[in-house]
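Chain residues, written in single-letter form:
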Amino acid sequence: MKNPLQELVSVSQYFGRDKSFVLAGGGNTSYKTEDRMWIKASGISLASIKADGFVFLSRDRLKAISTKKYSDQALAREHEVKMDLNAAILDNSTLRPSVETSLHNAIGYRFVVHTHPTIVNAMLCSVKAKEQCLSLFGEKALFIPYTDPGYILFKKVEAEINNFEKKWGEIPKVIFLENHGVFVGADSVEEIHLIYTNLIQKIENNFVDQMPSLQTIFLNKDVLKVVINSHRGFEGLIAMGFKSDLVDLFVSDKKSFEKVEKSFTPDDIVYCKAYYLFVQKIELLKESVEEYHRSYGYLPKVIALKNIGVFSIEENEKSARTVWEVFENILKISFYSENFGGPHFLNERQIAFIDNWEVENYRREMNKV
Ligand SMILES: [Zn+2]
């Protein structure tokens, strides 16, 4: 017999290593028995995860989270839930379970693999997300309209799973989350792979235009210097610059850039911030950056310069690369979303929720030091 934990490690690494499924530490996976669950720990990357990267939990204690009464205040509630999640840990691991743990527990299949595939998100971040899901996958795939992440999302998905079970006598194997990604559950890893292959193929079959070349040119040091100099007063930043046929499509004028000017998913905000800056000409860089900083209270991580390219601005090269990878994915999603009525961004209230959540998480992390 195959060792299920070993299978969990392999399937996690398989999806984690493919950037068309997850970027920058996104996604999570789990394996469960009747009363126990192993879930990816928060902050561990799927690509390199080993058996010790999973947290081992009591499903009974997780189930108690579902019926307990928590604070009405978002931040207090998320903190209380986090404490209860920690209390469900069975081993003496110092790792923390993923924030989506309760959601995994509610999907009663042995294996659950949650990812943010570019192709699937092209549909889920489009104007016609809901109707496309229904027309391509029918009623047996669950579609969840965008909901703030954390406890509220878990309760929403749990309620929808219960309704589904009443109607169909089984739990959904595919759960689409609008402006986020997909959860796939099955009793075998083989079936997880099959379901994913089918999802990708069905959506891809609806693509009309071919993706422009992704071959990327790195912009030269002179222009990077100008970008960094436009951040006078802010020390310790580096810039990287990128240009490709896909980039050109969006940086030719303000109107084209509007199709990528905001974030599609919570992860976009975590890595790139929510709003992306378009600058008409190099002379306007400094005042545009200052204006952005005045409006949002932080600096832009992504700047597009008309007809020149896209810049990622960060504290080090590794983070600047991540910003670029996540933003290039935004470009791809926007391009493909045209097959489904065009791009659909998170709105300002949804963005503000993630911003506040992140700040709070960060503050808590800092408190630990
Ligand atoms: Zn996710």
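The coordinates are above.
Residues numbered from 1 in each chain as written. Predicted model: local features only at pLDDT ≥ 70, side-chain atom pairs only at ≥ 80, totals over all residues. Heavy atoms only, no water.

Caption draft 1: Here's a closer look at the overall build of the protein chain. Across its full length, the protein chain holds 15 helices and 12 strands. Taking 21 Å as the expected radius of gyration for a compact globule of 369 residues, we find that the protein chain reaches 21 Å, a close match to that expectation. Projected onto its principal axes, the C-alpha positions of the protein chain cover 65 × 50 × 40 Å. With 369 residues in all, the protein chain has 53% of them scored as buried. Nonlocal contacts in the protein chain, meaning residues at least 24 apart in sequence, comprise 72% of its contacts between residues at least 6 apart. (Helix = DSSP H or I, 4+ residues; strand = E, 2+ residues; numbered from the N terminus. Rg over C-alpha atoms; globule rule 2.2 N^0.38 Å. Buried < 20%, exposed > 50% of the residue type's maximum accessible area, 1.4 Å probe, protein only. Contact = heavy atoms within 4.5 Å.)

Caption draft 2: Representation of unusual backbone geometry. For Lys 273, which is not glycine, the phi torsion reads 65° and is therefore positive. Tracing the backbone shows Lys 273 in the loop between α12 (266–272) and β10 (277–279).

Caption draft 3: The arrangement of the environment of Glu 235 in detail. Structurally, the position occupied by Glu 235 is in the loop between α9 (221–229) and β9 (238–243). For Glu 235, a relative accessible area of 71% gives the class exposed. On a C-alpha basis, the gap between Glu 235 and Glu 315 in space is 9.1 Å, while along the polypeptide they are 80 residues apart.

Caption draft 4: Representation of the side chain of Thr 101 in the model. By the secondary structure assignment, Thr 101 is in helix α4 (residues 101–106). In this view, Thr 101 contacts Met 37, Ile 39, Leu 57, Leu 62 and Leu 85; residues no more than four positions away in its chain are not counted.

Caption draft 5: Focus on the pairing of strand β4 (residues 111–115). Burial within β4 is extensive, with 5 of its 5 residues counted as buried. Burial along β4 is two-sided: Phe 111, Val 113 and Thr 115 facing one way and Val 112 and His 114 facing the other are all buried. Inspection of the sheet shows strand β1 (residues 28–32) paired to β4 by 4 bridges, in the antiparallel sense. Bridge assignment links Thr 29 to a residue of β4, and that residue is Val 113. Here β4 runs beside strand β7 (residues 181–186); their pairing, made up of 5 bridges, is antiparallel. Note on β7: the bridge partner recorded for His 114 is Phe 183. (Pairing = 2+ DSSP bridges.)

Caption draft 6: Inspection of the environment of Tyr 31 at higher detail. By the secondary structure assignment, Tyr 31 is in strand β1. C-alpha separation for the pair Tyr 31 and Glu 338, spaced 307 residues apart in sequence, amounts to 36 Å. Once you skip the residues sitting within four places of it in the chain, Tyr 31 turns out to touch Pro 4, Leu 8, Arg 36, Met 37, Trp 38, Arg 110 and Phe 111.

Caption draft 7: Seen up close, the sheet that holds strand β8 (residues 217–218). Read across the sheet, 5 strands follow the order β8-β9-β12-β11-β10 without closing on themselves; strand pairing throughout is mixed. This sheet does not close on itself; its edge strands, each paired only once, are β8 and β10. Pairing of β10 with strand β11 (residues 302–305) involves 3 bridges; the strand directions are parallel. From the neighbouring strand, Leu 277 faces β11, where its bridge partner is Ile 303. α9 contacts β9 and β12 (309–314) of the sheet and is inclined by roughly 130° relative to β9. Against the sheet, helix α14 (residues 317–337) touches β8, β9, β11 and β12, its axis set at about 140° to β12. (Axes fitted to C-alpha atoms, helices over the stretch in contact; angles between N-to-C directions.)

Caption draft 8: Quick peek at the coordination of the zinc ion. Looking at the zinc ion, one finds its protein donor set to be His 114 (NE2), His 116 (NE2) and His 180 (NE2), positioned 2.1 to 2.2 Å from the metal centre. We note that the donor set of the zinc ion lies within a single chain, spaced as H-x1-H-x63-H. Highlighted residues: His 116 in the loop between β4 and α5 (118–124) and His 180 in the loop between β6 (174–177) and β7, separated in sequence by 64 residues. Residue classification places His 116 among the buried positions, given a relative accessible area of 12%. (Donors = N, O, S within 2.8 Å, 3.2 Å for Na, K, Ca; no water.)

Caption draft 9: Highlighting helix α8 (residues 189–204). The terminal C-alpha atoms of α8 lie 23 Å apart, and with 16 residues this matches the ideal 22 Å at 1.5 Å per residue to within 8%. When we look at burial in α8, the residues that qualify are Val 189, Ile 192, Ile 195, Tyr 196, Leu 199, Ile 200 and Ile 203. Buried positions in α8, seen along its axis, are confined to an arc of 125° and lie on one side of it. Contacts from the buried residues of α8 go to α1 (4–16), β4, α5, α6 (129–137), β6 and β7. (Expected span 1.5 Å × (residues − 1). Arc of directions from axis to C-beta.)

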